[in-house]
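What follows is the residue order along each chain.
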Amino acid sequence: MSIIDSLFAFSHRSGCRLARHFSYPALKRRGGVYLLIVTMALMFLALWIRLAMAPINAGLQYVTFFPAVALAAFIGGFGAGLLATIVGLLFATYIFTPPYYSFSTEVLKTSFWSNMVFFIDGILVSSLLEAMHRYRQQLARELKRTIDVNSDLEENTQHLKSLIDNQFAYVALLDTRGVILEINKAALDQFGYRREDVIHHYFYDLPCWSYDETVQTQLRTAMADALRGKTARYDVAVKKGDDSIMVDFQLSPVRNGEGSIVGLLPMAVDISERIHAEEALKKSRSQLKTFIRQAPITMAMFDRDMNYLETSGPWLHDYGRGYADLRGLNHYDVHPDLPDRWKLVHQQCLAGAMLRNEEDLWVHEDGSEHWSRWAVMPWVDENGTIGGIIVSAENITDRKQNEAHLAEQAQQLQEADQRKDEFLAMLAHELRNPLAPIRNAAQILKRPDLDETRLAWCRNVIDRQVDHLVQLVDDLLDVSRISRGKIELKKEILEVSAIVQRAVETTQPLIEARHHAFMVQLPSEPIYVEGDLVRLCQVVSNLLNNAAKYTDEGGCIDLTVEQAGNDILLRVRDNGRGIAPSALPGLFELFYQVDRTLDRSEGGLGIGLSLVKSLVTMHGGEVWVSSEGRGQGSEFGIRLHRVQPAPAVPIAHAAKPKWAADLLHILVVDDNRDAAQSLSLLLTSEGHEVLLAYDGYSALEVALAERPQIVLLDIGLPGMDGYAVARALRQHPDMNRTQLIALSGYGREVDREQARAAGFNGYLTKPVDFDELHCALTQPSFDH
Ligand code: ADP
């Protein structure tokens, strides 16, 4: 550094220091005394310099005081300038104006104008400098204010920037063309951009938008809208690396003070998590709703006022009263007939109780019964207060009805069981009844001295009792077949009088034996039904039989048939013992008997009327009974549908037995030796030649050896059954002309069909009726 530089620096420093100490503001601050001292010092300095410059009388009395006044005014303002002017005037007048060192009025004459000029100059300079100071001060204040404002602005800008940078929202500032002017840190961090890479680039070119044309087009539209003053807002998926995130995006215009649009402000908030949370919430809500709606539980949730909040599907089904949705409705409005005790339960549970009932009956207004099993409990909200109640209920009406039904069935079963026991006892009794006379007859037949009268009596007794036994067994088989649905009706168009005639033929002997007056009344014109002749005859003869049995000897029995519209009514009326009203309802039940004493003379197993009902029902008809009571007689009726006559009405009659003209060569096969031998005896007594076999193999042997004309073959043989024997015989050419007749305990159509298929020509059910046997011997029943 040169000496000049050092001096300059020194003077600058000194000047600065002086300026600091003697500057206008500093002196102003320090006050009047200090100013007075400085001013006086300046004036004495000026005086000293003047005295040093020239002698007193050299004139120039103001030469140094001018600058001193100016300096004083410069330093101290108007006051100091004025003081300096006055002091300078005094010094000039006293020292440098003759007479020297005195104040004389001479001065007014000699130096008045020069003094006046000095004074006015002093005043002017002081005023100017004062004004200059004031102006400078004002300038300084304004400068300071400007500086302050600028620094505030700078500070605010920094705050704003850090505020925007620290926002979780992604914010940018665009010009009206969409060029990015500013972008916040959150956006840069989120999308991994560098500031310098995005500033001054088009916003819609950012990779987060440009990955998808639709997204970009949507953005450009939003920008165009924002430039027209509209704020756009929408949710959009933007690209972030390889992933994408959902943002709530808003684009608004930026306006200047005049309201003109000068830029755009895009702002986005990441809502991916919110959306995931919302989706999870939505899913869980929907699952909860599905659970509630589809849970196989009858359940409803109510608020404190018993308004429905939620219901399960079964609740809606059971108690919905036709509403598709009960939410918002009041329980008591939906069910105005709700029992008061249940309302009380609701109140108790709203007060905190948990109640349940395993079986509760609610009788609806229409009288229908509703059994339920329920539980009611309060539900508690997040504040721990009871918000309402939850009711779960199970409709147990079906169960209760089933229980009642089961109890009824158990009772019926018990009764049926009892009836069965009684029936078995009765059956044993009924079977013994015919056996006793048969045994007696057998004993009589053993006697050597039998005359023709006794022989005839024995034959009749055995014949009648066997018929009775066969009837019993047939009825039992019928009951069994009907109960198993195995009975088949051979339906045809029948004239009702034919049915009646045949039934009467069957019952006539009993009616006559009991000396009843019997009257039959038929319509004048023939009427027809469609049905099975044998079964309908069975029905009518059953009713006639009962009338004959349960009417004391010499009674009256009427059978009337009449037409009623499209129906036919058949009534059997008697004046017999009648039926008590209490017995009427069960009369058509199986094994039902009004008098269950074993010593009843009428016999029967209590199955006749049950058969009547079943058979009539199978024909599409109905039965009924009426009686005024015990001793008042009774009336049994059946109703059948009337049909139009068929062109030719075949009325089947039992083929009249026809004895064979020729004597036959017959093989009887039965493992029951008594049965085989008795049948053999019977046939031999008719003059036929009879061979015997007791099993299938010997039957085959004998048949092939002897070539009988007819083989009466039992089906149920041990080892090789009747079907197998028949098939074997049919395979032998020499046995082609042999008639094979089956003997079986079963009489079902299916059994007959099986026999026909095995090669039989005829089929007889055991015990064999002699008339049927004779028919079978003369003409085959199956065509082959
Ligand atoms: P069963 O005659 O073998 O006992 P039914 O089924 O034919 O069986 O009859 C059932 C019961 O109905 C009889 O036991 C009898 O008590 C009563 N009953 C049937 N018909 C008459 C009738 N005409 N008059 C009085 N009671 C009758």
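As a reminder, the structure under discussion sits directly above these lines.
Since the structure is predicted, the reported quantities are computational estimates derived from the model, not experimental observations.

1. Digging into the side chain of Ser744
Right, so step 1: Take Ser744: it is sitting in strand S21 (residues 739-744).
Right, so step 2: Judged by relative accessible area, Ser744 falls into the buried class, the value being 4%.
Right, so step 3: One polar contact links Ser744 to Tyr763, side chain to side chain, over a distance of 3.1 Å.
Right, so step 4: What Ser744 contacts, discounting residues up to four positions off in sequence, is Ile715, Tyr763, Leu764, Thr765 and Lys766.

2. Topic: the site of the ligand
Right, so step 1: Surveying the vicinity of the ligand reveals 21 residues, the closest of which are Asn546, Tyr550, Asp574, Gln593 and Leu609.
Right, so step 2: In the model, an oxygen atom of the ligand is placed 3.2 Å from a nitrogen or oxygen of the Lys549 side chain.
Right, so step 3: Side-chain polar atom of Ser634 to a nitrogen atom of the ligand: 3.2 Å apart, as the coordinates give it.
Right, so step 4: Compared with its free state, where it exposes 530 Å², the ligand has 98% of that area covered by protein.
Right, so step 5: At the level of elements, helix H18 (533-549), helix H19 (608-618) and strand S17 (634-641) are the ones that each hand at least two residues to the shell around the ligand.
Right, so step 6: Here the element with the most residues in the shell around the ligand is H18; it accounts for 3 residues.
Right, so step 7: Of the residues in the shell around the ligand, the class split is 10 nonpolar, 7 polar and 4 charged.

3. Things to note about the pairing of S17
Right, so step 1: Here S17 lies mainly inside the structure; 6 of its 8 residues are buried.
Right, so step 2: The pairing of strand S15 (residues 567-574) with S17 spans 8 bridges and is classified as antiparallel. Each bridged residue has a counterpart across the sheet, and for Asp567 the counterpart in S17 is His641.
Right, so step 3: As defined by bridge partners, strand S16 (residues 622-627) adjoins S17 across 6 bridges and the pair is classed as antiparallel. The residue bridging Val623 from the neighbouring strand is Ile638, located in S17.
Right, so step 4: Linkage of S16 to S17, two consecutive antiparallel strands, is achieved through a turn of 6 residues, within which Gly629 is found at a positive phi near 130°.

4. What to know about the sheet that holds strand S20 (residues 710-714)
Right, so step 1: The strand order S19-S18-S20-S21-S22 describes an open sheet built from 5 strands, whose pairing is parallel. Taken across any chain shown, the strands that pair with only one partner, and hence form the sheet edges, are strand S19 (689-693) and strand S22 (762-765). Looking at each pair of strands side by side, their axes are set apart by 20° on average, direction ignored.
Right, so step 2: Direction of pairing for strand S18 (residues 665-669) relative to S20: parallel, over a ladder of 4 bridges. Of the residues in S20, the one forming a bridge with Leu667 is Val711.

5. Observations regarding the pattern of salt bridges
Right, so step 1: Using the criterion set out here, one finds 31 salt bridges in the structure.
Right, so step 2: When the shortest N-O distance is used, the salt bridge between Arg134 and Glu130 registers 3.0 Å. Within this pair, Arg134 and its partner Glu130 are both found in helix H6 (residues 112-165), separated by 4 residues, close to a single helical turn.
Right, so step 3: The salt bridge partner of Arg571 is Glu562, with a shortest N-O separation of 2.3 Å.
Right, so step 4: Each of the salt bridges in this network shares a partner with another, and the network as a whole consists of Arg293, Glu310, Asp325 and Arg327.

6. Side note on the sheet that holds S16
Right, so step 1: With respect to topology, 5 strands assemble into an open sheet ordered S12-S14-S15-S17-S16, the strand pairing being mixed. The open sheet has two edge strands with one neighbour each: strand S12 (517-521) and S16. Each neighbouring strand pair of the sheet contributes to a mean axis angle of 15°, computed without reference to strand direction.
Right, so step 2: Where S12 lies against strand S14 (residues 556-564), 5 bridges are found, and the strand directions are parallel.

7. With respect to a negative patch on the surface
Right, so step 1: A cluster of acidic residues, Asp463, Asp467, Asp769, Asp771 and Glu772, forms a negative patch at the surface.
Right, so step 2: Sorting the residues of the negative patch by element identifies helix H16 (452-483) and helix H24 (770-778) as the ones contributing at least two each.
Right, so step 3: Mapped onto the fold, Asp769 is located in the loop between S22 and H24.
Right, so step 4: Asp769 gets classed as partly exposed once you look at its relative accessible area, which sits at 36%.

8. A word on H16
Right, so step 1: Compared with the 46 Å implied by 1.5 Å per residue over 32 residues, the 46 Å span of H16 between its first and last C-alpha is a close match.
Right, so step 2: Turning to H16, its buried residues are Cys458, Val461, Gln465, Leu469, Leu472, Asp475, Asp478, Val479, Arg481 and Ile482.
Right, so step 3: Downstream of H16 by one or two residues, Gly485 has phi in the positive range, about 70°.

9. Some remarks on the packing of H16 against H19
Right, so step 1: The interhelical angle for the contact between H16 and H19, taken along N-to-C directions, is 45°, at an axis separation of 10 Å. Taken together, the axes of H16 and H19 are oblique relative to one another. Judged by the twist between their axes, the crossing of H16 over H19 is left-handed. For the pair H16 and H19, the contacting residues are Asp475, Asp478, Val479 and Ile482 in the first and Leu611, Ser614 and Leu615 in the second.
Right, so step 2: Partitioned by chemical class, the residues of the contact of H16 with H19 number 4 nonpolar, 1 polar and 2 charged.

10. Quick notes on the pairing of S19
Regular strands have side chains that alternate between both faces of the sheet.
Right, so step 1: Sheet topology places S18 next to S19; 5 bridges connect them, and they run parallel. Each residue of the ladder has a partner; that of Val668, found in S19, is Leu692.
Right, so step 2: Taken together, S18, helix H20 (residues 673-685) and S19 constitute a β-α-β crossover, and its handedness is right-handed.

11. Topic: the packing of aromatic side chains
Right, so step 1: Applying the stated criterion to the full structure yields 21 aromatic pairs.
Right, so step 2: Ring centres of Phe65 and Phe96 lie 6.4 Å apart, and the angle between their planes is 55°; on these two criteria the pair is classed as tilted. Of the two residues, Phe65 and Phe96, neither departs from the other in class, the shared state being buried.
Right, so step 3: Among the aromatic residues, those joined into a cluster by ring pairs are Phe44, Phe65, Phe91 and Phe96.
Right, so step 4: Here the basic side chain of Lys400 rests over the ring of Trp371, its NZ or CZ set 4.5 Å away from the ring centre.
Right, so step 5: Positioned above the aromatic ring of Tyr694 is the side chain of Arg673, whose terminal nitrogen or guanidinium carbon lies 4.0 Å from the ring centre.

Basis of the calculations
- Residues numbered from 1 in each chain as written.
- Predicted model: local features only at pLDDT ≥ 70, side-chain atom pairs only at ≥ 80, totals over all residues.
- Heavy atoms only, no water.
- Helix = DSSP H or I, 4+ residues; strand = E, 2+ residues; numbered from the N terminus.
- Buried < 20%, exposed > 50% of the residue type's maximum accessible area, 1.4 Å probe, protein only.
- Polar contact = N/O pair within 3.5 Å; in protein donor to acceptor, adjacent residues only side chain to side chain.
- Contact = heavy atoms within 4.5 Å.
- Near = heavy atom within 4 Å.
- Areas by Shrake-Rupley, 256 points an atom, 1.4 Å probe, with all protein chains shown as cover.
- Nonpolar A, V, L, I, M, F, W, Y, C, P; charged D, E, K, R; others polar.
- Pairing = 2+ DSSP bridges.
- Axes fitted to C-alpha atoms, helices over the stretch in contact; angles between N-to-C directions.
- Salt bridge = Lys/Arg side-chain N within 4 Å of Asp/Glu carboxyl O.
- Patch = residues over 30% accessible without salt bridge, like charges linked within 9 Å, V, L, I, M, F, W, Y side chains within 5 Å.
- Lys, Arg positive; Asp, Glu negative; His and termini not counted.
- Charge placed at Lys NZ, Arg CZ, Asp CG, Glu CD.
- Expected span 1.5 Å × (residues − 1).
- Parallel < 35°, antiparallel > 145°, perpendicular 65-115°, else oblique.
- Left-handed = near helix turned anticlockwise from the far one by under 90°.
- Right-handed = clockwise from strand over helix to strand, strands pointing away.
- Phe/Tyr/Trp six-rings, centres within 6.5 Å; stacked < 30°, edge-to-face > 60°.
- Lys NZ or Arg CZ within 6 Å of the ring centre and 35° of its normal.

So far we have only geometry, and geometry alone does not tell us how the molecule works.
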